[in-house]
Amino acid sequence: MAARLPLIAGNWKMNLNHLEAIGLVQKIAFSLPEKYFAKVEVAVLPPFVDIRSIQTLVDGDKLLIKYGAQDISQHDSGAYTGEVSGPMLKKLACHYVVVGHSERREYHGETDAIVNAKVKAALKHEVTPIFCFGEKLETREAKGHLELVRQQLEAGLKGFTAEQVARIVFAYEPVWAIGTGRTASSADAQEVCSLVRSFVAEKYGEETAAVVRVLYGGSVKSSNISELIAQKDIDGALVGGASLQADEFSKLCALAAGGPLP
Ligand SMILES: O=C[C@H](O)COP(=O)(O)O
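Owing to the predicted nature of the structure, the values given are computational and were not obtained by experimental measurement.

Draft legend 1. Main features of the overall build of the protein. Within the protein one finds 12 helices and eight strands. Taking the principal axes of the C-alpha coordinates as reference, the protein spans close to 45 × 45 × 35 Å. Of all 262 residues assigned to the protein, the portion counted as buried reaches 53%. Restricting the contact set of the protein to residue pairs at least 6 apart, pairs at least 24 apart contribute 74%. If you sum the accessible surface of the protein, you get close to 11,700 Å²; carbon and sulfur atoms cover 54% of it. When the 28 basic and 31 acidic side-chain charges of the protein are each reduced to a single mean position, those positions are 3 Å apart.

Spelled out as structure tokens, the structure:
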């Protein structure tokens, strides 16, 4: 199986203005010297208004930290008030964009079809989509999580070729574990991440399945990252709350890199 570099992506959600963003990225960069980046890819996903400042910092100081956005429009341009397009993100040299986060699905009515269109827009403009999916608590309790995730994958990937799927980062985020302090057990997370890889193998071939990265997200912290990342099919984490604290996030990234702690 091809080696997959772990990815730790910090989704800041609606936190930190552009000045605070600069401070946080500087602290993370200071804590994580170059040697860590050979073993883990580190990305921050700030609010749109912070991205230009982070780009300037990363470029100016030649930082190895990557960055991206939390959403993308399915359209390239036009009368879509409040939206930000793929070409705009590309121009800011964004590496990643989160698509289909449960908070967008829940609060902004994003359907699987919209998520599919947004993943497509990201791929078109060469910004790597971090495609999110996952079940709510009632589905998990009814043991319907594997079927639901399969449906979300079918719908989200509709119409894509194996070459396109190979460029997607998958993120399994059980909604009941987001911001609740309740992490899925590593076995539960592995069960779904393994399903994702099998699904990709079945539909797009073993080679594609071997290269795609599958992240887990939901109350990931420095205290649980090692166990999660030790699972065969978990290639990193999408981190919310813990990505807002420089010390905690740097420690988490260092552990994902296999240490030593900064
Ligand atoms: O995108 C990140 C996830 O929603 C996880 O957030 P959390 O780490 O605060 O639970």
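Draft legend 2. Inspection of the environment of Gly156 at higher detail. By the secondary structure assignment, Gly156 is in helix H7 (residues 145-156). Between the C-alpha atoms of Gly156 and Phe131, which are 25 residues apart in sequence, the distance is 8.1 Å. Every residue in contact with Gly156, bar those within four places of it in the chain, is listed here: Asp112, Asn116 and Phe131.

Draft legend 3. Spotlight on the side chain of Ser186. For Ser186, the location among the structural elements is in helix H9 (residues 186-204). Among residues more than four places away in sequence, those in contact with Ser186 are Glu227, Leu228, Gln231 and Ile234.

How each quantity is defined
- Residues numbered from 1 in each chain as written.
- Predicted model: local features only at pLDDT ≥ 70, side-chain atom pairs only at ≥ 80, totals over all residues.
- Heavy atoms only, no water.
- Helix = DSSP H or I, 4+ residues; strand = E, 2+ residues; numbered from the N terminus.
- Buried < 20%, exposed > 50% of the residue type's maximum accessible area, 1.4 Å probe, protein only.
- Contact = heavy atoms within 4.5 Å.
- Areas by Shrake-Rupley, 256 points an atom, 1.4 Å probe, with all protein chains shown as cover.
- Lys, Arg positive; Asp, Glu negative; His and termini not counted.
- Charge placed at Lys NZ, Arg CZ, Asp CG, Glu CD.

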